[in-house]
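# Tertiary structure, described
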Amino acid sequence: MNHAVKLIDVSHVYVSEQQALLAVENIDLSIESGEFVSFVGPSGCGKTTILSILAGLIKPSQGSVSIFNQEISSPSNKIGYMLQHDYLFPWRTILNNALVGLDIMKKLNAETKSHTMYLLNEMGLSDTFDLYPDQLSGGMRQRVALVRTLATQPDILLLDEPFSALDYQTKLKLEDLVFETLKTHNKTAILVTHDISEAVAMSDRVVILNRNPGRIHKIMNIPDTIRNMLPFQSREEEDFRKLFNEIWHELENIEDKG
Ligand SMILES: Nc1ncnc2c1ncn2[C@@H]1O[C@H](COP(=O)(O)OP(=O)(O)OP(=O)(O)O)[C@@H](O)[C@H]1O
């Protein structure tokens, strides 16, 4: 099987002078190429820790992490990371912001630049190339951040609450756009979110995490009726409500056991 991501028995302890904190424990998870997987769970259950491990930013205390069957020991250029905050540089134009990753990775050339311009056009940002970030709305800025992430052509995208700072309408529109873009480009995606409906609407599978320490509590498979629709439309499906409620109850149980 061609796994994009494979975590085997991954645990991580944060060690400081005051304490050793077991943040995540015995995480076993395989994600197929092209799959969209979301992590949901209470605050502190280790969602960001798992993403940081996948990004190669922290080395797990135990276990192994492979990206396309290769164990990772440092940040992999196959991975792109998109965060809640857009981190655009205010002094760079939109085009130059979108090119910054390529610049840093020394991959900027006529071809990659033209591909980035194509992506900006695809995201409805064709009129913004020479503008500066403070001239754009929050939703537009987040689209630029997405193009900046896609421009380096990562195979796997780590999305850490990328829509949570946006107003509701913009968030729903951007969910559809990101969903479609990732499917078109056949990217593997891992989304961390506090929003159950976002997780159900966008994913093939939803991983529910427990806390103290962070462990996989349950994995929910999303039925085809929802998976084959754009996130916005899928919210109308009967299955959607059912799954939303199931995940809600699972999370309530976790909170109760605190
Ligand atoms: N650098 C660090 N040093 C020490 N402890 C940390 C560090 N980063 C996270 N932790 C602890 O590890 C646990 C998991 O944190 P993590 O940020 O991964 O959770 P999370 O699920 O992403 O939380 P949230 O939903 O609030 O963003 C928490 O108890 C947190 O306090």
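Residues numbered from 1 in each chain as written. Predicted model: local features only at pLDDT ≥ 70, side-chain atom pairs only at ≥ 80, totals over all residues. Heavy atoms only, no water.

Looking only at helices and strands, the protein chain has 10 helices and 10 strands in total. Taken over the C-alpha trace, the protein chain has a radius of gyration of 18 Å; the compact-globule value for 258 residues is 18 Å, and the two agree within 12%. The dimensions of the protein chain, computed from C-alpha atoms along their principal axes, are 50 × 45 × 40 Å. Residues counted as buried form 51% of the 258 residues belonging to the protein chain. Within the protein chain, contacts between residues separated by at least 24 positions form 70% of all contacts whose residues are at least 6 apart in sequence. When the accessible area of the protein chain is evaluated, it comes to approximately 12700 Å², of which 48% is carbon and sulfur surface. Averaging the coordinates of the 24 positive side-chain charges in the protein chain and doing the same for the 34 negative ones gives two points 4 Å apart. (Helix = DSSP H or I, 4+ residues; strand = E, 2+ residues; numbered from the N terminus. Rg over C-alpha atoms; globule rule 2.2 N^0.38 Å. Buried < 20%, exposed > 50% of the residue type's maximum accessible area, 1.4 Å probe, protein only. Contact = heavy atoms within 4.5 Å. Areas by Shrake-Rupley, 256 points an atom, 1.4 Å probe, with all protein chains shown as cover. Lys, Arg positive; Asp, Glu negative; His and termini not counted. Charge placed at Lys NZ, Arg CZ, Asp CG, Glu CD.)

This part takes up the UniProt feature "domain: ABC transporter" (unreviewed entry) in the protein chain. Per the UniProt record, the feature "domain: ABC transporter" (unreviewed entry) sits at residues 5-232. Within the segment residues 5-232, helix and strand shares are 33% and 28% respectively, and the terminal C-alpha atoms sit 27 Å apart. (UniProt positions renumbered as here; feature names shortened; annotations may be inferred.)

Around the ligand lies a shell formed by Tyr14, Leu21, Ala23, Ser43, Gly44, Cys45, Gly46, Lys47, Thr48, Thr49 and His194. Here Gly44 contributes a backbone N or O atom positioned 2.9 Å from an oxygen atom of the ligand. Contacts to the ligand include Thr48, whose side-chain N or O atom sits 2.8 Å from an oxygen atom. Within the complex, the protein chains bury 60% of what would otherwise be the 640 Å² of accessible surface of the ligand. Contributions of two or more residues to the shell around the ligand are made by strand E2 (20-32) and helix H1 (47-54). Sorting elements by how many residues they give to the shell around the ligand places H1 first, with 3 residues. For the shell around the ligand, the residue count by class is 4 nonpolar, 6 polar and 1 charged. (Near = heavy atom within 4 Å. Polar contact = N/O pair within 3.5 Å; in protein donor to acceptor, adjacent residues only side chain to side chain. Nonpolar A, V, L, I, M, F, W, Y, C, P; charged D, E, K, R; others polar.)

A separate point is the side chain of Glu250. Along the chain, Glu250 falls in helix H10 (residues 238-257). We classify Glu250 as buried; its relative accessible area is 15%. Discounting chain neighbours no more than four positions away, the residues touching Glu250 are Ile208, His217 and Lys218.

Okay, the packing of helix H5 (residues 138-151) against helix H6 (residues 168-184) next. Packing of H5 against H6 brings their axes to within 11 Å, and their N-to-C directions diverge by 20°. When the axes of H5 and H6 are compared, the pair comes out roughly parallel. For H5 against H6, the interelement crossing comes out right-handed. In contact with Gly139, Gln142, Arg143, Leu146 and Leu150 of H5, H6 contributes Thr170, Leu174, Leu177, Val178, Thr181 and Leu182. The residue makeup of the contact of H5 with H6, split by class, is 6 nonpolar, 4 polar and 1 charged. (Axes fitted to C-alpha atoms, helices over the stretch in contact; angles between N-to-C directions. Parallel < 35°, antiparallel > 145°, perpendicular 65-115°, else oblique. Left-handed = near helix turned anticlockwise from the far one by under 90°.)

Each α-helix turn comprises 3.6 residues. Residues three or four places apart therefore point the same way. Here H10 is 20 residues long and its end C-alpha atoms lie 29 Å apart, about the 28 Å a rise of 1.5 Å per residue gives. Of all the residues in H10, the buried ones are Phe240, Leu243, Phe244, Ile247, Glu250, Leu251 and Ile254. For H10, the angular spread of buried residues about the axis comes to 130°, placing them on one side. Set apart from the buried face of H10 by more than 90 degrees, the exposed residues are Glu238, Lys242, Asp256 and Lys257. (Expected span 1.5 Å × (residues − 1). Arc of directions from axis to C-beta.)

Across the sheet, which stays open at both edges, the 4 strands sit in the order E2-E1-E4-E5 with antiparallel pairing between neighbours. The sheet terminates laterally at E2 and strand E5 (70-71), the two strands that pair on one side only. Taken together, the 9 bridges between strand E1 (residues 3-15) and E2 define a ladder with antiparallel strand orientation. Across the sheet, the residue bridging to Leu7 is Leu29, located in E2. Along the sheet, H1 contacts E1, E2 and strand E4 (62-67); its crossing angle with E1, the most-contacted strand, is approximately 120°. (Pairing = 2+ DSSP bridges.)

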